[in-house]
Amino acid sequence: QVQLVQSGAEAKKPGASVKGSCEASGYIFTTYHLHWVRQAPGQGLEWLGTINPKGGSTLYAERFQGRLTMTSDTSTSTVYMELSSLRSEDTAMYYCARGVSLFGATIDPFDMWGQGTMVTVSS
Amino acid sequence: DIQMTQLPSTLSASVGDRVTLTCRASQSISRRLAWYQQKPGKAPRLLIDEASRLESGVPSRFSGSGSGTEFTLTITSLQPDDFATYHCQQYDSNPSTFGQGTKLEIK
């Protein structure tokens, strides 16, 4: 079955960077975009950006431009999300999620989600 | 960015009730609207996309409607498993944005 398995929780100090991973299984890795979505405690969902695992092209939400880097490794069916210059407002659960469109869109709904990686930013 | 507003923020209802949740977009998004259900400590689950297309495995008591800027999610005959938070998402333009969610509580 389709699964997205994310790396474990992280605790970081302000100004540091965090890198999370998301390993996909149960489908052909290069056929769907993968996205990152975060949720601050008690808050709504926020889309960060997406990566096309085939070729590695990315699209980031403008507010994260310059701080966000997404990469993919087709040999391990894993995508990575690195967020730099962390601040307390970045404390959130970070989810990877698969776009619904086969070979498709950069902006999409998400039909499969990872279990989430909690990132806590505190001095 | 397109702003998504969900109403109400909290809704109290009983098992067996019919409820309607609303999602409004700050500009037209055609029918490019999805609904998710989220339970505490869990990732969201996609229920509906294209405003009214039910995902495989989602019970038929869930239905979506709307286009443009006004959308609704209706749940007929609420079941105990339906008490959760519901999020709407527009995917018409970059960045994709979500509403703040409607928490459906047991009355």
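Reading the values: the criteria
Residues numbered from 1 in each chain as written. Chains lettered and ligands numbered in written order. Predicted model: local features only at pLDDT ≥ 70, side-chain atom pairs only at ≥ 80, totals over all residues. Heavy atoms only, no water. Salt bridge = Lys/Arg side-chain N within 4 Å of Asp/Glu carboxyl O. Helix = DSSP H or I, 4+ residues; strand = E, 2+ residues; numbered from the N terminus. Phe/Tyr/Trp six-rings, centres within 6.5 Å; stacked < 30°, edge-to-face > 60°. Lys NZ or Arg CZ within 6 Å of the ring centre and 35° of its normal. Core = buried A, V, L, I, M, F, W, Y, C linked by side-chain atoms within 4.5 Å. Buried < 20%, exposed > 50% of the residue type's maximum accessible area, 1.4 Å probe, protein only. Contact = heavy atoms within 4.5 Å. Buried area = accessible area lost by both parts, 1.4 Å probe. Polar contact = N/O pair within 3.5 Å; in protein donor to acceptor, adjacent residues only side chain to side chain.

Draft legend 1. Broad picture of the pattern of salt bridges. As enumerated under the stated definition, the model contains eleven salt bridges over all chains in all. Of the charged contacts, one joins Asp 81 of chain B and Lys 39 of chain B as a salt bridge, the two residues approaching to 2.2 Å between their closest N and O atoms. Here Asp 81 of chain B is found in the loop between β8 (70-75) and β9 (85-90), whereas its partner Lys 39 of chain B is found in the loop between β4 (33-38) and β5 (45-49), with 42 residues between them in sequence. Residue Glu 105 of chain B pairs with Lys 103 of chain B through a salt bridge whose shortest N-O separation is 3.8 Å. By sharing partners, the salt bridges in this structure join Arg 38, Glu 46, Arg 63, Arg 67 and Asp 90 of chain A into a single network.

Draft legend 2. Local environment of the packing of aromatic side chains. Inspection of every chain in the model, using the stated rule, returns seven aromatic pairs over all chains. Here Phe 110 of chain A and Phe 98 of chain B contribute two aromatic rings whose centre-to-centre distance is 6.5 Å and whose plane-to-plane angle is 35°, an arrangement assigned as tilted. You can see Phe 110 of chain A sitting in strand β10 (residues 110-113) and its partner Phe 98 of chain B sitting in strand β10 (residues 97-98), one on each of two chains. The rings of Tyr 95, Phe 110 and Trp 113 of chain A together with Tyr 36 and Phe 98 of chain B are connected pair by pair, giving a single aromatic cluster. Against the face of Tyr 80 of chain A rests Lys 19 of chain A, its NZ or CZ located 5.1 Å from the ring centre. Seen from the ring of Tyr 32 of chain A, Arg 98 of chain A lies directly overhead, with NZ or CZ sitting 3.9 Å from the centre.

Draft legend 3. Summary view of the nonpolar core. Core analysis: the biggest nonpolar cluster contains 38 residues, and Trp 36, Leu 68, Leu 83 and Phe 110 of chain A have the highest contact counts within it. Listed in part, the 25 residues of the second largest apolar core include Ala 13, Ile 48, Phe 62 and Cys 88 of chain B.

Draft legend 4. Fine view of the interface of chain A and chain B. On the side of chain B, 19 residues touch chain A, which itself brings 19 residues to the contact. Of the roughly 1,500 Å² buried between chain A and chain B on both sides combined, carbon and sulfur atoms contribute 63%. By the criterion of area lost to chain B, the three top residues of chain A are Leu 45, Ile 107 and Pro 109 of chain A, representing 37% of everything that side buries. Counting every contact that joins chain A to chain B gives zero salt bridges. At the junction of chain A and chain B, the tally comes to four residue pairs in polar contact (both at pLDDT 80 or more). If you list the elements that add at least two residues to the side of chain A that touches chain B, you get β4 (34-39), β5 (45-51), β6 (58-60) and β10 of chain A.

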